[in-house]
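An overview of the molecular structure
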Amino acid sequence: DVPMFYSTFNSGSSHADQERVWMLKYLLSACDSRVDLEILSRRHVVPIMLAFHQSQMANKTSNGRTARSLVEQVLTRLLSIGKEEEEERVNAEKKEDGDGNDDSDSNNNDDGEGDEKQQIIR
């Protein structure tokens, strides 16, 4: 779960802008794994941040930073986690194949057309 996200991000208190900025800074510093991505996805945090990003409230400044810029930083961080994890997965697969050379492609010169033909036939 994402503790206090909804109550903090949707707060109507007199300090709501500062609370949102605090939550965005927290997310920026705390998100660092695929598990975090899955939790934020399951709890619909990203769509909420995207909707907020488009609102006029995101223009408000706190300590020289707009909430909009923090949303962009959090989203960039989340995207980089996904990219890093994908690169690690690809590298691990290459190691499993031995020296990273994939000899199966050298024996198959149909450059994917056979797969397309098989799909059409089915």
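Details of the structure are given in the entry above.
Note that the structure is predicted; figures quoted are calculated from it, not measured.

1. Digging into a nonpolar patch on the surface
- There is a patch of nonpolar side chains on the surface, built from M4, W22 and Y26 and spanning about 340 Å² of accessible area.
- One can find W22 in helix α2 (residues 16-30).
- W22 sits in the partly exposed class, given a relative accessible area of 45%.

2. A short note on the packing of α2 against helix α5 (residues 67-96)
- Between α2 and α5, the shortest axis-to-axis distance is 9 Å and the interhelical angle comes to 20 degrees. As summarised for this structure, α2 and α5 are arranged roughly parallel, according to the angle between their axes. For α2 against α5, the interelement crossing comes out left-handed. Two secondary-structure elements touch here, α2 through V21, L24, K25, L27 and L28 and α5 through A67, L70, V71, Q73, V74 and R77.

Conventions used here
- Residues numbered from 1 in each chain as written.
- Predicted model: local features only at pLDDT ≥ 70, side-chain atom pairs only at ≥ 80, totals over all residues.
- Heavy atoms only, no water.
- Patch = residues over 30% accessible without salt bridge, like charges linked within 9 Å, V, L, I, M, F, W, Y side chains within 5 Å.
- Areas by Shrake-Rupley, 256 points an atom, 1.4 Å probe, with all protein chains shown as cover.
- Salt bridge = Lys/Arg side-chain N within 4 Å of Asp/Glu carboxyl O.
- Helix = DSSP H or I, 4+ residues; strand = E, 2+ residues; numbered from the N terminus.
- Buried < 20%, exposed > 50% of the residue type's maximum accessible area, 1.4 Å probe, protein only.
- Axes fitted to C-alpha atoms, helices over the stretch in contact; angles between N-to-C directions.
- Parallel < 35°, antiparallel > 145°, perpendicular 65-115°, else oblique.
- Left-handed = near helix turned anticlockwise from the far one by under 90°.
- Contact = heavy atoms within 4.5 Å.

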